[in-house]
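Letter by letter, the chains look like this.
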Amino acid sequence: MSGNLYRGQAGLPFSSSLRIYEPLEAFPAEQQRQLVADGGRIGSRAAVENAELQASLGRITRTGGDPFPTGRTDLVRMTRVPNGRHAAPVDSGEETPANDAGRLLYCPSQLVIRAGLAANALMDGVHSPLADLLIPVSQRDRHQVRIDRINAGDDAKRVHTRASTWGIPFSWFSLFAESDRKDVVESDGHIVTVRVWTPLTEALDRARFAVAHLALAAPDLDMLDDLTQLTEWLELFHVQSMVELDYGAVADKVYPDESPMDVRLGIECLAEGDMTGAAAAYRRLASRWIPIRQLARAS
């Protein structure tokens, strides 16, 4: 896979992800063994990203009209969190000091469930007539059998990844701060992605802070509903988890990015009744992200 393909130069939409990495003990025993096996099979983070993109392109061109993952194998992203209060995660393929081996955290891709959720969203949206052509009813029914098989397990409700195309929801930025660890991944003079990390406990505190203030200052704001759902989602996971915002290829268009600060300032201004300050923060966000979202409608 070429770097140009990954950066979206071949017409692929910009895709960003919000992921939860959990310690091994957070998963059922049978899944623990599978996570260790799958994680060791792929290796580095870059290899996982390449394998996931190649697999998705392979499903699009598969004969028979079935674009869904079968679930025979699943990709796993791993990160190692060194011991220490202020330690930051590193790629599982990188070395850590000998006296600070740290612990591995896992984020399973869960492609079967996520593909089903994406298909349902497409069917319920404005493009549902097109969805009927792209995803035949017979293939949707076949995939539902796969989903039902997974839902019979113990860990079906905890979907570790949320995805967004053509931009990042403003609510996601409320989980992060300017001081959080950032990894900037570059290739051939372009930014491939930017990843921002924060402990789950920090993300939850920030989400609850934002919900509390918006509920009082702007109860009709759509972002309040988004943040409430995010908070409930975060509460499903192990307290020692890490939260990752992966910008994806859109990072090359917006980085360096001050969106987490603008969202925080906007919420604080609303809470203080400073409508001018809140409007200024929103204008900064809009000027940065509306052009990205407009690319979804570009011909």
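Bear in mind that the values here come from a model prediction, so they are computed numbers and not experimental data.

What counts, and where the lines are drawn
- Residues numbered from 1 in each chain as written.
- Predicted model: local features only at pLDDT ≥ 70, side-chain atom pairs only at ≥ 80, totals over all residues.
- Heavy atoms only, no water.
- Helix = DSSP H or I, 4+ residues; strand = E, 2+ residues; numbered from the N terminus.
- Buried < 20%, exposed > 50% of the residue type's maximum accessible area, 1.4 Å probe, protein only.
- Contact = heavy atoms within 4.5 Å.
- Pairing = 2+ DSSP bridges.
- Salt bridge = Lys/Arg side-chain N within 4 Å of Asp/Glu carboxyl O.
- pLDDT = per-residue confidence, 0-100.
- Axes fitted to C-alpha atoms, helices over the stretch in contact; angles between N-to-C directions.
- Parallel < 35°, antiparallel > 145°, perpendicular 65-115°, else oblique.
- Left-handed = near helix turned anticlockwise from the far one by under 90°.
- Nonpolar A, V, L, I, M, F, W, Y, C, P; charged D, E, K, R; others polar.
- Expected span 1.5 Å × (residues − 1).
- Arc of directions from axis to C-beta.
- Core = buried A, V, L, I, M, F, W, Y, C linked by side-chain atoms within 4.5 Å.

1. Focus: the overall build of the protein chain
So, point 1. Along the protein chain, the regular secondary structure elements total twelve helices and eight strands.
So, point 2. Across the 299 residues of the protein chain, 43% fall into the buried class.
So, point 3. Within the protein chain, residue pairs in contact and separated by at least 24 positions form 78% of the contacts whose partners lie at least 6 positions apart.

2. Things to note about the pairing of strand 4 (residues 103–108)
In the case of a regular strand, side chains alternate between the two sheet surfaces.
So, point 1. Across two bridges, strand 1 (residues 15–23) lies against strand 4 in antiparallel orientation. Following the sheet pairing, Pro-23 is matched in strand 4 by Leu-105.
So, point 2. Inspection of the sheet shows strand 2 (residues 76–81) paired to strand 4 by six bridges, in the antiparallel sense. Directly across from Val-76, in strand 4, lies its bridge partner Pro-108.

3. Quick notes on the pattern of salt bridges
So, point 1. Considering all chains together, one arrives at 20 salt bridges under this definition.
So, point 2. Among the salt bridges present, the one from Glu-49 reaches Arg-77, with a minimum N-O distance of 3.0 Å. Taken together, the positions of Glu-49 in helix 3 (residues 45–60) and Arg-77 in strand 2 put the pair 28 residues apart, joining distant regions of the chain. Neither Glu-49 nor Arg-77 differs from the other in exposure class; each is buried.
So, point 3. Linking Glu-202 and Arg-206 is a salt bridge whose minimum nitrogen-to-oxygen distance equals 3.9 Å.

4. Points about the confidence of the model for the protein chain
So, point 1. For the protein chain, the average pLDDT comes to 82, and 70% of its residues sit at 70 or higher.
So, point 2. Considering only residues more than four positions removed or in separate chains, one finds that residues 1–10, a stretch of pLDDT under 50, has 20 contacts.
So, point 3. In this model, residues 95–99 is a region of pLDDT below 50 whose contacts with residues beyond four sequence positions or in other chains number three contacts.

5. Brief notes about unusual backbone geometry
So, point 1. Between Tyr-255 and the following residue, Pro-256, the backbone shows a cis peptide bond with an omega angle of 5°.
So, point 2. Relative to the assigned elements, Pro-256 resides in the loop between helix 10 (251–254) and helix 11 (259–271).
So, point 3. Non-glycine residue Trp-166 carries a positive phi angle of around 55°.
So, point 4. Tracing the backbone through its elements, the reader meets Trp-166 in the loop between strand 5 (161–165) and helix 7 (170–173).
So, point 5. Overall, the relative accessible area of 22% leaves Trp-166 in the partly exposed class.

6. Here's the deal with the packing of helix 11 against helix 12 (residues 275–294)
So, point 1. Interaxial distance between helix 11 and helix 12 falls to 8 Å at its minimum, and their mutual angle equals 155°. On the basis of their axis angle, the class for helix 11 and helix 12 is roughly antiparallel. The handedness of the crossing between helix 11 and helix 12 comes out as left-handed. For the pair formed by helix 11 and helix 12, the contact residues are Ser-259, Asp-262, Val-263, Leu-265, Gly-266, Cys-269 and Leu-270 on the first element and Met-275, Gly-277, Ala-278, Ala-281, Arg-284, Leu-285, Arg-288 and Trp-289 on the second.
So, point 2. Tallied by class, the residues present in the contact of helix 11 with helix 12 amount to nine nonpolar, three polar and three charged.

7. A short note on the pairing of strand 7 (residues 190–199)
So, point 1. Among the ten residues in strand 7, eight count as buried, and that is most of the element.
So, point 2. With seven bridges joining them, strand 6 (residues 181–187) and strand 7 adopt antiparallel strand pairing. Note that in strand 7 the partner of Arg-181 across the bridge is Trp-197.
So, point 3. Counting the residues between successive antiparallel strands, the hairpin from strand 6 to strand 7 contains two residues, one of them, Asp-188, with a positive phi of roughly 55°.
So, point 4. Bridge count for strand 7 against strand 8 (residues 242–246) is five bridges, and the pairing is antiparallel. Along strand 8, the bridge assignment pairs Pro-199 with Met-242.

8. Some remarks on the environment of Lys-253
So, point 1. Tracing the sequence through the fold places Lys-253 in helix 10.
So, point 2. For the pair formed by Lys-253 and His-190, sequence separation is 63 residues and the distance between their alpha carbons is 9.7 Å.
So, point 3. Contact partners of Lys-253, with chain neighbours within four places excluded, come to Phe-14 and Ile-292.

9. A short note on helix 8 (residues 200–217)
So, point 1. When the terminal C-alpha atoms of helix 8 are compared, their 26 Å separation across 18 residues agrees well with the 26 Å that a helix rising 1.5 Å per residue should span.
So, point 2. Every buried residue of helix 8 is listed here: Leu-200, Ala-203, Leu-204, Arg-206, Ala-207, Ala-210 and Leu-214. Projected onto a plane normal to the axis of helix 8, the buried residues spread over an arc of 165° and lie on a single side.
So, point 3. Residues of helix 8 that are buried in the fold lie against strand 1, strand 7, helix 9 (222–234), strand 8 and helix 11.

10. Examining the nonpolar core
So, point 1. Residues Leu-18, Leu-234, Leu-245, Tyr-247 and Trp-289 are the most contacted members of the largest nonpolar core, which totals 41 residues.
So, point 2. Ignoring anything within four residues of it in the chain, the contact list for Trp-289 reads Gly-167, Ile-168, Phe-170, Phe-173, Tyr-247, Val-250, Val-254, Asp-257 and Ser-259.

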